[in-house]
Amino acid sequence: MRKSLAEALLARARTDERILLIVGDIGFGVFDEFRRQFPKRFLNTGIAEQAMVGFASGLAKEGYRPIVYTIAPFLIGRAYDQVRVDVAMHSRHMLLVGVGGGVSYGKLGPTHHSLDDLALASLIPDLRVCNPSSPARVSVWIDRWLDNSVSPMFMRIGRDEPHVSQTIVDDGAIVGFPRQQNAATALLVSGSLLTWAQGLVESLSHDEVPPAVYAVEEIEPFPHRRIAELLQGHKRVVVAEEAYATGGLFSRVASVALSQVPRDSLPELYSYSMEKRFYFEVADASSLLRAGGLTSDSILDVLLGRRNG
Amino acid sequence: MTELDGQEATQIATALRRRILETAHNGGGGHIGGSLSVLEILIALYGSVMKYRRNEPDWEYRDRLIFSKGHSVLALYACLERWGMLRPSELNEYLVDGSRLPGHSEHVHIPHIEVTTGSLGHGLGIAVGAAFALQLRGIDAHTFVIVGDGECNEGSNWESCMLANQLQLRNLTVIVDNNGMESLDKTENILSVEPLTDKFRSFGFAVDVVDGHNLGELVERLPPSQDQEQPRAVIAKTIKGKGVSFAEGVPMWHFRQPTSRELAEALTELDADAQISG
């Protein structure tokens, strides 16, 4: 969703001179228009993520609204202490964008995959974390970051511009497809899996009742109340995430289930997280999702009650 | 900002050394060695070089001081108290539960402290960002960042130096408290950073080397020159534990709570030195 990000930033930058875009020597062609219109507000600080984040913190300290953009594992992994100390500890009003989250870098190999970024970012106090589910949602989160808080935010986006064909109902933290909200079963996914989930549902035959589909976009603060409501509204909930299980979406949903849902209202709960390993196989993102355990047939079987998980 | 003349400056240094030692003793410990080595640098900055307003910590045109070697905070506290930016005698509350004075510098409690440090290798990056922001906005203010020489082990510093050079930050001065030591041993025996002068020059910095305990020299050489065209590094040659003979260059004084006897001996030495130089 790089293109959507670039467009959203450009739109806001036209009316807010505080916005500066800082990239870690990536994003070829992505921000050309931004650079053309605002040459002095685009900086490529090179392959030096710790310096980049510290630098952005210094800019934010002096009143600017910097956006830092690089590949997700290099941002959250390599510069973790800078994110923790320079950004979150100082409550800097800046945006950290990790592109290629999950396995969206596919065949470029495991050093570029990021199945732990959302969990790592969620561990840092005072850092908001989001995972927009579609291109149109990127600008929504940009606006929320700029207008509705003074907190730093980490945003995970994929590389592509997925097409989401159905109308999305915005709950704030969670988006879904409206006509399926009262289904008995639900598929709850991490934000970036919405298109994948949509594909899953569209593969059903006409006589099969589709599940409700929800994509959790706001990871931190976690929408506990809404998740608790959602769990009580369905008999069977499958959680799928483009992330490892540890500290991931399912672990948080399960925690809500156990602590905030009356026992007699608990749904059957199933988890499909990515197998915790490095993905050395040369495969595109959709194949890697399957290799990691997010297999459509298996998940549909569980959703439709053909078998238990 | 006041000028420091020779005798007054020496008396101030002696008094603040006493303050550092007493505070570490009463508070339960502190990074004494590095606090004693960086002290004159801070005295020069607060007493003469920097422009700031003690009652207006967010004054837009103030010079910024990023104290990256946050473990030497006792020296910073002592100077803030001396120049009216801590309540009188607030140092007595150092490390006391609920006080404003923890063992590393924190921006949350003390308005005049610009950033929270303690994890090394962070301040320079933030300083580069702050200096660039001031340059963008056309604000005539200088950014000073104090780093330790052991801290220069951290690669993040050198990334930031490259960036400072790339951005041609003429409003940035990096001051290295070059006391030659880290926590466990001399820097040269652990991960040598020398030759620092050559390193900073090769990163595009103008470099000055000064006696880090000579206040006259610091007051004269720390101010940026009007025709500075590039970022600047000032390598301040210092002694870890300076002023206390049995602490100078001794690793265990990196962090220590002086015993009552050690404190008494140290204060006696300081008084004697003050009489000699007075």
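Residues numbered from 1 in each chain as written. Chains lettered and ligands numbered in written order. Predicted model: local features only at pLDDT ≥ 70, side-chain atom pairs only at ≥ 80, totals over all residues. Heavy atoms only, no water.

A closer look at the overall build of chain B
Part 1 of the reasoning: Summing up its helical and strand segments, chain B has nine helices and five strands in all.
Part 2 of the reasoning: Ordering the α and β elements of chain B from the N terminus gives α-α-β-α-α-β-α-β-α-α-β-α-β-α.
Part 3 of the reasoning: What you see for chain B is a C-alpha radius of gyration of 18 Å, in line with the 19 Å of a compact globule of 278 residues.
Part 4 of the reasoning: By its C-alpha atoms, chain B is 50 × 45 × 40 Å across when sized along the principal axes.
Part 5 of the reasoning: Counting every position in chain B, which comprises 278 residues, the buried fraction comes to 57%.
Part 6 of the reasoning: Partitioning the contacts of chain B with sequence separation of at least 6, the portion at a separation of at least 24 is 76%.
Part 7 of the reasoning: For chain B, the exposed surface amounts to about 11000 Å²; the carbon and sulfur share of it is 48%.
Part 8 of the reasoning: Where the 24 positive side-chain charges of chain B centre and where its 38 negative ones centre are 2 Å apart. (Helix = DSSP H or I, 4+ residues; strand = E, 2+ residues; numbered from the N terminus. Rg over C-alpha atoms; globule rule 2.2 N^0.38 Å. Buried < 20%, exposed > 50% of the residue type's maximum accessible area, 1.4 Å probe, protein only. Contact = heavy atoms within 4.5 Å. Areas by Shrake-Rupley, 256 points an atom, 1.4 Å probe, with all protein chains shown as cover. Lys, Arg positive; Asp, Glu negative; His and termini not counted. Charge placed at Lys NZ, Arg CZ, Asp CG, Glu CD.)

A few points about the pairing of strand S4 (residues 206-211) of chain B
Residues and elements named next belong to chain B.
Part 1 of the reasoning: Judged from the six bridges that link them, S4 and strand S5 (residues 232-237) form a sheet pairing that is parallel. When the sheet's bridge partners are listed, Asp211 is paired in S5 with Lys237.
Part 2 of the reasoning: In the classification by handedness, the crossover that spans S4, the intervening helix H8 (residues 215-221) and the parallel S5 is right-handed. (Pairing = 2+ DSSP bridges. Right-handed = clockwise from strand over helix to strand, strands pointing away.)

As for the nonpolar core
Part 1 of the reasoning: Within the largest apolar cluster, 74 residues are counted, with the highest numbers of intra-cluster contacts made by A:Phe55, A:Leu96, A:Phe154, A:Leu188, A:Ile227, B:Val128 and B:Phe200.
Part 2 of the reasoning: If one sorts the elements of this core by residue count, helix H4 (residues 123-137) of chain B sits on top with seven residues.
Part 3 of the reasoning: For A:Leu188, the contacting residues outside a window of four places in its chain are A:Tyr214, A:Val216, A:Ile227, A:Leu230, A:Val237, A:Val238, A:Val239, A:Ala240, A:Leu249 and A:Val253.
Part 4 of the reasoning: Of all hydrophobic cores here, the second largest spans 56 residues; its members include B:Ala24, B:Ile32, B:Leu65 and B:Leu80. (Core = buried A, V, L, I, M, F, W, Y, C linked by side-chain atoms within 4.5 Å.)

Some points on the side chain of A:Arg156
All names here are of chain A.
Part 1 of the reasoning: Structurally, Arg156 can be placed in strand S6 (residues 153-157).
Part 2 of the reasoning: With relative accessibility at 0%, the residue Arg156 sits in the buried group.
Part 3 of the reasoning: Of note is the side chain of Arg156, whose polar atom sits 3.1 Å from the backbone oxygen of Ser114.
Part 4 of the reasoning: For Arg156, the side chain forms a polar contact with the side chain of Ser192, separated by 3.4 Å. (Polar contact = N/O pair within 3.5 Å; in protein donor to acceptor, adjacent residues only side chain to side chain.)

Here's the deal with the environment of B:Ala130
Part 1 of the reasoning: Mapped onto the elements of the fold, B:Ala130 is located in helix H4.
Part 2 of the reasoning: The spatial distance from the C-alpha of B:Ala130 to the C-alpha of B:Arg221 is 22 Å, given a sequence separation of 91 residues.
Part 3 of the reasoning: Beyond its immediate chain neighbours, meaning those up to four positions away, B:Ala130 contacts A:Gly58, A:Leu59, A:Glu62 and B:Thr143.

Overview of the packing of aromatic side chains
Part 1 of the reasoning: If you walk through the whole model with that rule in mind, you get eleven aromatic pairs over all chains.
Part 2 of the reasoning: Ring centres 6.4 Å apart and planes at 70° place the aromatic pair A:Phe278 and A:Phe280 in the edge-to-face group. Here the two residues A:Phe278 and A:Phe280 agree in accessibility, since each one is exposed.
Part 3 of the reasoning: Pairwise contacts between aromatic rings join B:Trp158, B:Phe200, B:Phe203 and B:Phe205 into one cluster.
Part 4 of the reasoning: The residue whose ring lies beneath A:Arg41 is A:Phe38, and the NZ or CZ to ring-centre distance is 4.4 Å.
Part 5 of the reasoning: The positively charged end of A:Arg144 is found above the aromatic ring belonging to A:Trp141, 4.4 Å away from the centroid. (Phe/Tyr/Trp six-rings, centres within 6.5 Å; stacked < 30°, edge-to-face > 60°. Lys NZ or Arg CZ within 6 Å of the ring centre and 35° of its normal.)

Examining the confidence of the model for chain A
Part 1 of the reasoning: Scored by pLDDT, chain A comes out at a mean of 92, with 98% of its residues at no less than 70.
Part 2 of the reasoning: Within chain A, the element-level pLDDT minimum falls on strand S7 (residues 169-170) of chain A, averaging 72, and the maximum on helix H5 (residues 80-88) of chain A, averaging 98. (pLDDT = per-residue confidence, 0-100.)

Some details on the interface of chain B and chain A
Part 1 of the reasoning: Across the contact, 25 residues belong to chain B and 22 residues belong to chain A.
Part 2 of the reasoning: Carbon and sulfur atoms supply 62% of the area buried between chain B and chain A, which totals about 1900 Å² over both sides.
Part 3 of the reasoning: For the interface between chain B and chain A, the tally reads three salt bridges.
Part 4 of the reasoning: Across the contact surface, chain B and chain A share ten residue pairs in polar contact (both at pLDDT 80 or more).
Part 5 of the reasoning: In terms of residue count, the dominant contributor to the side of chain B that touches chain A is H4(B) (ten residues).
Part 6 of the reasoning: Looking at the side of chain B that touches chain A residue by residue, the classes come out as eleven nonpolar, nine polar and five charged. (Buried area = accessible area lost by both parts, 1.4 Å probe. Salt bridge = Lys/Arg side-chain N within 4 Å of Asp/Glu carboxyl O. Nonpolar A, V, L, I, M, F, W, Y, C, P; charged D, E, K, R; others polar.)

Looking at the pattern of salt bridges
Part 1 of the reasoning: For the coordinates displayed, the defined rule picks out 41 salt bridges over all chains.
Part 2 of the reasoning: Linking A:Lys61 and A:Glu62 is a salt bridge whose minimum nitrogen-to-oxygen distance equals 3.3 Å.
Part 3 of the reasoning: Overall, the relative accessible area of 9% leaves A:Glu62 in the buried class.
Part 4 of the reasoning: We note a salt bridge from A:Lys61 to B:Glu114, for which the minimum N-O separation is 2.5 Å. Here the residue A:Lys61 occupies a position in helix H3 (residues 49-61), and B:Glu114 occupies one in the loop between helix H3 (73-82) and H4, the pair thus bridging two chains. For the pair A:Lys61 and B:Glu114, one class covers both residues: buried.

Regarding the packing of helix H1 (residues 6-27) of chain B against H3(B)
All names here are of chain B.
Part 1 of the reasoning: Contact pair H1 / H3: the axes reach a minimum separation of 9 Å and the direction vectors enclose 125°. Relative to H3, the element H1 is oriented oblique. The handedness of the crossing between H1 and H3 is right-handed. In this structure, H1 uses Glu8, Ile12, Leu16, Arg19, Ile20, Thr23 and Ala24 to contact H3, whose residues at the interface are Leu74, Ala75, Ala78, Cys79, Glu81 and Arg82.
Part 2 of the reasoning: Of the residues that constitute the contact of H1 with H3, the class distribution is eight nonpolar, one polar and four charged. (Axes fitted to C-alpha atoms, helices over the stretch in contact; angles between N-to-C directions. Parallel < 35°, antiparallel > 145°, perpendicular 65-115°, else oblique. Left-handed = near helix turned anticlockwise from the far one by under 90°.)

Some details on the sheet that holds strand S2 (residues 143-148) of chain B
Residues and elements named next belong to chain B.
Part 1 of the reasoning: Strand order in the open sheet formed by five strands is S1-S2-S3-S5-S4, with parallel pairing between adjacent strands. The outermost strands of the open sheet, each flanked by one partner alone, are strand S1 (64-67) and S4. Direction aside, the axes of adjacent strands within the sheet are offset by 20° on average.
Part 2 of the reasoning: As paired strands, strand S3 (residues 172-178) and S5 are joined by six bridges and run parallel to one another. Residue pairing in the sheet places Val176 in a bridge with Ile235 of S5.
Part 3 of the reasoning: Across the face of the sheet, H4 comes into contact with S1, S2 and S3 while running at roughly 170° to S2.

Brief notes about a nonpolar patch on the surface
Part 1 of the reasoning: Side chains of B:Leu184, B:Ile190 and B:Leu191 sit close together on the surface and give an oily, nonpolar patch of about 320 Å² of accessible area.
Part 2 of the reasoning: Position of B:Leu191 relative to the elements: it lies in the loop between helix H6 (187-190) and helix H7 (196-202). (Patch = residues over 30% accessible without salt bridge, like charges linked within 9 Å, V, L, I, M, F, W, Y side chains within 5 Å.)

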